Amino acid sequence: MLAVSCSLLLGGTAFAQSPDAAPRVKLSTSMGDIVVELAPDKAPKTVQNFLQYVKDKHYDGTVFHRVIDGFMIQGGGFSTDLAQKPTRDPVPLEASNGLKNDTYTIAMARTGNPNSATSQFFINVKNNDSLNAPSPDGYGYTVFGKVVVGKDVVDKIRAVPTGNKNGMQNVPLVPVVIQSATLTK
């Protein structure tokens, strides 16, 4: 009875922080569906940026263009013919938000400039502690969510054969296409 009373008293607070309130995006890929739950409370600008790309249908028809088993799978920036898609202005780094680059988390890709993240993201396929702020370059990589459905799909993608194509390394030999990205809640 006490537990019920406490949960009723804390219900409003618990609901505000409930994972059920977090937005989810479904990435329908040529290898199956992946659903990521986003963390706007930890990375508000990054989540807003990602959701805008989803709303704009930017990710539809893009590929996972860089796949390194034992590291990560990266996508969101190139079409099936590996042409780079235009992007909006970069978002500021939010890597010191307490989220870690653990297995099945989603983070923003960037260049050497810590404030250069635009549309490209990656899903960690192992705990990549070396990417957590302040490593590896004093800044880290912004984690903004986690895979909640489709970990098996991530595992299938991480294991695809890769090679070099269009001057890029670790490109899947058979394209892994993000057919659509949709906000599910």
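Preceding this paragraph is the structure being described.
Figured I'd write up the structure that's included with this text. On a predicted model such as this, the values are computed, not experimentally measured, just so you know.

Reading the values: the criteria
- Residues numbered from 1 in each chain as written.
- Predicted model: local features only at pLDDT ≥ 70, side-chain atom pairs only at ≥ 80, totals over all residues.
- Heavy atoms only, no water.
- 1 Å grid on protein atoms, 1.4 Å probe; cavity = no way out; pocket = protein on both sides within 12 Å on 5 of 7 lines; lining within 4 Å.
- Points joined across faces, edges and corners; volume = space filled by probe spheres on them.
- Nonpolar A, V, L, I, M, F, W, Y, C, P; charged D, E, K, R; others polar.
- Phe/Tyr/Trp six-rings, centres within 6.5 Å; stacked < 30°, edge-to-face > 60°.
- Buried < 20%, exposed > 50% of the residue type's maximum accessible area, 1.4 Å probe, protein only.
- Helix = DSSP H or I, 4+ residues; strand = E, 2+ residues; numbered from the N terminus.
- Lys NZ or Arg CZ within 6 Å of the ring centre and 35° of its normal.
- Pairing = 2+ DSSP bridges.

Next up on the list: empty space enclosed by the protein. Applying the stated criterion across every chain, the model contains one cavity of 30 Å³ or more. Its boundaries defined by the atoms lining it, the largest cavity holds a volume of some 40 Å³. Together, T46, V91, P92, L93, M108, R110, P114, A117 and T142 line the largest cavity. Taken together, the residues of the lining of the largest cavity sort by class into six nonpolar, two polar and one charged.

Our focus in this paragraph is the packing of aromatic side chains. In this structure the tally under the stated criterion is seven aromatic pairs. With 5.9 Å between their ring centres and 50 degrees between their planes, Y53 and Y59 make a pair best called tilted. For Y53, a relative accessible area of 2% corresponds to the buried category. Where Y59 meets F121, the ring centres are 5.4 Å apart and the plane angle is 85 degrees; that geometry is what we call edge-to-face. Of this pair, Y59 sits in the loop between helix 3 (44–55) and strand 3 (62–68) while F121 is found in strand 6 (residues 121–124), placing the two residues 62 residues apart along the sequence. For Y59, a relative accessible area of 0% corresponds to the buried category. On the basis of relative accessibility, which here comes to 0%, the residue F121 falls in the buried class. Three or more aromatic residues joined by ring pairs make a cluster, and in this case those are F50, Y53, Y59, F64, F121 and F144. One residue, R88, lies across the ring of Y53, its end atom 3.8 Å from the ring centre.

What follows deals with the pairing of strand 6. Each regular strand carries side chains that alternate between the two faces of the sheet. The two faces of strand 6 match: F121 and I123 on one face and F122 and N124 on the other face are all buried. Bridge count between strand 5 (residues 105–108) and strand 6: three bridges; the pairing is antiparallel. Considered in strand 6, the bridge of I106 is made with I123.

By themselves, these figures tell us nothing about what the structure is for.
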